Amino acid sequence: MASADRLKQITHAVLGAGRRTVTELAELTGASEMTIRRDLETLAGQGVLERYRGGARSLVLRGEEPPFALRAQEGLETKRLIAAEVASLIADGESVVIDSGTTCLEVAHALAHRRLTVMPLSLHAANALTGADRLTLLLPGGRPRPGELALTGPLTEASLASLRFDTAVIGCCGLTAADGLTAYDLEDTAVKRAAIASARRVIAVADAPKLSRTALALVTPAAALHTVVTDAAAPDDEVEALRAVGVDVRRV
């Protein structure tokens, strides 16, 4: 089993049970106990779990968003396909605001060498865009959330309110036609709303599992979105429900 797959399996096992022993995780994954101990140290460093002698307990509450470092490695190829599709929808010369999150980070990478004006809403994306020759980079104010490095707070919201973008690329924690686009963090929700309000067009990015999920806070109703870019595994019923409220859904 690849290291990234094993880390994901360990994370879900510990989250599901609340805690697991090294022996249990070794039996589950087929790895040695020494390998499991190293994996647990890695996940502890990412804030996913807490080590104790002989095992680990989860630090991620049910319904919470997993840490950025863990999500960044999940479904990376799918996120890059989504990002490429988003990039194809954006014309040279546009002004674009890019939300925080792992899929939006891949969008930033896909746009890095384009002739655009871009405001990223996370330090991860800002770093990806720094030094791009043809791109005009705008940085908002705000306070970065630990790990996520998403910019939040009144300075970020004020930066967005003072500008008008052609396109907002928005990430999410959940998206359904019935419940709209949702997120876990309330400060992040406020920034997403401000980004949407500042843009003429809204493109939401969401891999397939998010199209059957609803998080805590409503960002915007689904009908306010112009386009949703997802992947081929997106459930047909949810795709049709989004199309029925006027959203252009693209599966890659």
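We now turn to the structure provided with this report. (Residues numbered from 1 in each chain as written. Predicted model: local features only at pLDDT ≥ 70, side-chain atom pairs only at ≥ 80, totals over all residues. Heavy atoms only, no water.)

Glancing now at the overall build of the protein chain. Helices and strands together make up the secondary structure of the protein chain, namely 10 helices and 15 strands. Taken over the C-alpha trace, the protein chain has a radius of gyration of 19 Å; the compact-globule value for 252 residues is 18 Å, and the two agree within 12%. C-alpha extents for the protein chain along the principal axes are approximately 55 × 40 × 30 Å. For the protein chain, the proportion of its 252 residues judged to be buried stands at 49%. Accessible surface, the protein chain: about 11,400 Å² in total, of which carbon and sulfur atoms supply 52%. Distance between charge centroids for the protein chain: 3 Å, based on 28 positive and 31 negative side chains. (Helix = DSSP H or I, 4+ residues; strand = E, 2+ residues; numbered from the N terminus. Rg over C-alpha atoms; globule rule 2.2 N^0.38 Å. Buried < 20%, exposed > 50% of the residue type's maximum accessible area, 1.4 Å probe, protein only. Areas by Shrake-Rupley, 256 points an atom, 1.4 Å probe, with all protein chains shown as cover. Lys, Arg positive; Asp, Glu negative; His and termini not counted. Charge placed at Lys NZ, Arg CZ, Asp CG, Glu CD.)

For the rest of this paragraph, the subject is the sheet that holds strand E5 (residues 117–120). The strand order across the open sheet formed by 7 strands is E6-E5-E4-E9-E12-E14-E15, and the pairing between neighbours is parallel. Each edge of the open sheet is held by one strand with a lone partner, namely strand E6 (136–137) and strand E15 (248–251). Here strand E14 (residues 227–230) runs beside E15; their pairing, made up of 4 bridges, is parallel. Bridge pairing in E15 links Thr 230 to Arg 251. (Pairing = 2+ DSSP bridges.)

With respect to the helices and strands, the residue Ser 159 is situated in helix H8 (residues 154–161). By relative accessible area, which is 16% here, Ser 159 ends up buried. In this structure the side chain of Ser 159 is engaged in a polar contact, spanning 3.3 Å, whose partner is the backbone nitrogen of Gly 141. Engagement of the side chain of Ser 159 in a polar contact is seen with the backbone oxygen of Leu 155, the distance being 2.9 Å. When residues no more than four places from it in sequence are discounted, the contact partners of Ser 159 are Met 119, Pro 140 and Gly 141. (Polar contact = N/O pair within 3.5 Å; in protein donor to acceptor, adjacent residues only side chain to side chain. Contact = heavy atoms within 4.5 Å.)

Here the focus is helix H10 (residues 236–244). For H10, the set of buried residues is Glu 238, Val 239 and Leu 242. Along H10, the residues classed as buried sweep out an arc of 100° about the axis, all on the same side. Exposed side of H10, more than 90 degrees from the buried face: Asp 236, Asp 237 and Ala 244 are the residues found there. (Arc of directions from axis to C-beta.)

Here we take up the nonpolar core. Among the nonpolar cores identified, the biggest contains 32 residues, and Leu 160, Leu 175, Leu 181 and Leu 225 are the most heavily contacted of them. If you list the elements that add at least two residues to this core, you get strand E9 (165–170), strand E11 (180–183), helix H9 (186–197), strand E12 (199–205) and H10. With 4 residues, the top contributor of residues to this core is H9. Excluding anything up to four places from it in sequence, Leu 160 contacts Val 97, Met 119, Leu 121, Phe 165, Val 191, Ala 194, Ala 195 and Ser 198. Ile 82, Cys 104, Leu 111 and Ala 128 belong to the second-largest nonpolar core, a separate cluster that totals 25 residues. (Core = buried A, V, L, I, M, F, W, Y, C linked by side-chain atoms within 4.5 Å.)

Here we take up the packing of helix H2 (residues 22–29) against helix H3 (residues 33–45). Running from N to C, H2 and H3 cross one another at 105°; their axes reach a closest spacing of 9 Å. When the interaxial angle is binned, H2 and H3 end up roughly perpendicular. Contacts between H2 and H3 involve Val 22, Thr 23, Leu 25, Ala 26 and Thr 29 from the first element and Glu 33, Ile 36, Arg 37 and Leu 40 from the second. Across the contact of H2 with H3, the residue classes tally to 5 nonpolar, 2 polar and 2 charged. (Axes fitted to C-alpha atoms, helices over the stretch in contact; angles between N-to-C directions. Parallel < 35°, antiparallel > 145°, perpendicular 65-115°, else oblique. Nonpolar A, V, L, I, M, F, W, Y, C, P; charged D, E, K, R; others polar.)

Next up on the list: the pattern of salt bridges. Enumeration according to the criterion identifies 16 salt bridges in this entry. Between Glu 106 and Arg 80 there is a salt bridge whose closest N-O contact spans 3.4 Å. Placement of the pair is Glu 106 in helix H6 (residues 102–111) and Arg 80 in helix H5 (residues 76–89), with a sequence separation of 26 residues. With its nearest N and O atoms 3.9 Å apart, the salt bridge here joins Asp 92 to Arg 134. (Salt bridge = Lys/Arg side-chain N within 4 Å of Asp/Glu carboxyl O.)

Turning to helix H1 (residues 3–17), a few remarks are in order. With 15 residues, H1 should reach 21 Å at 1.5 Å per residue; the first-to-last C-alpha distance of 21 Å fits that figure. Buried within H1 we find Arg 6, Leu 7, Ile 10, Thr 11, Ala 13 and Val 14. All buried residues of H1 fall inside an arc of 165° around its axis, so they share one side. (Expected span 1.5 Å × (residues − 1).)

This part is about the environment of Gly 101. Residue placement: Gly 101 occurs in the loop between strand E4 (95–98) and H6. Along the sequence, Gly 101 and Val 205 sit 104 residues apart, while their C-alpha atoms lie 10.0 Å from each other.

A word on the environment of Thr 176. On the secondary structure map, Thr 176 appears in strand E10 (residues 174–176). Put simply, Thr 176 and Leu 160 are 16 residues apart on the chain and 26 Å apart in space, counted from C-alpha to C-alpha. Those residues in contact with Thr 176 that sit more than four places away from it in its chain are Leu 211, Ser 212, Arg 213, Thr 214, Ala 222, Glu 238 and Leu 242. At a separation of 2.9 Å, a polar atom in the side chain of Thr 176 contacts the main-chain amide nitrogen of Asp 179.

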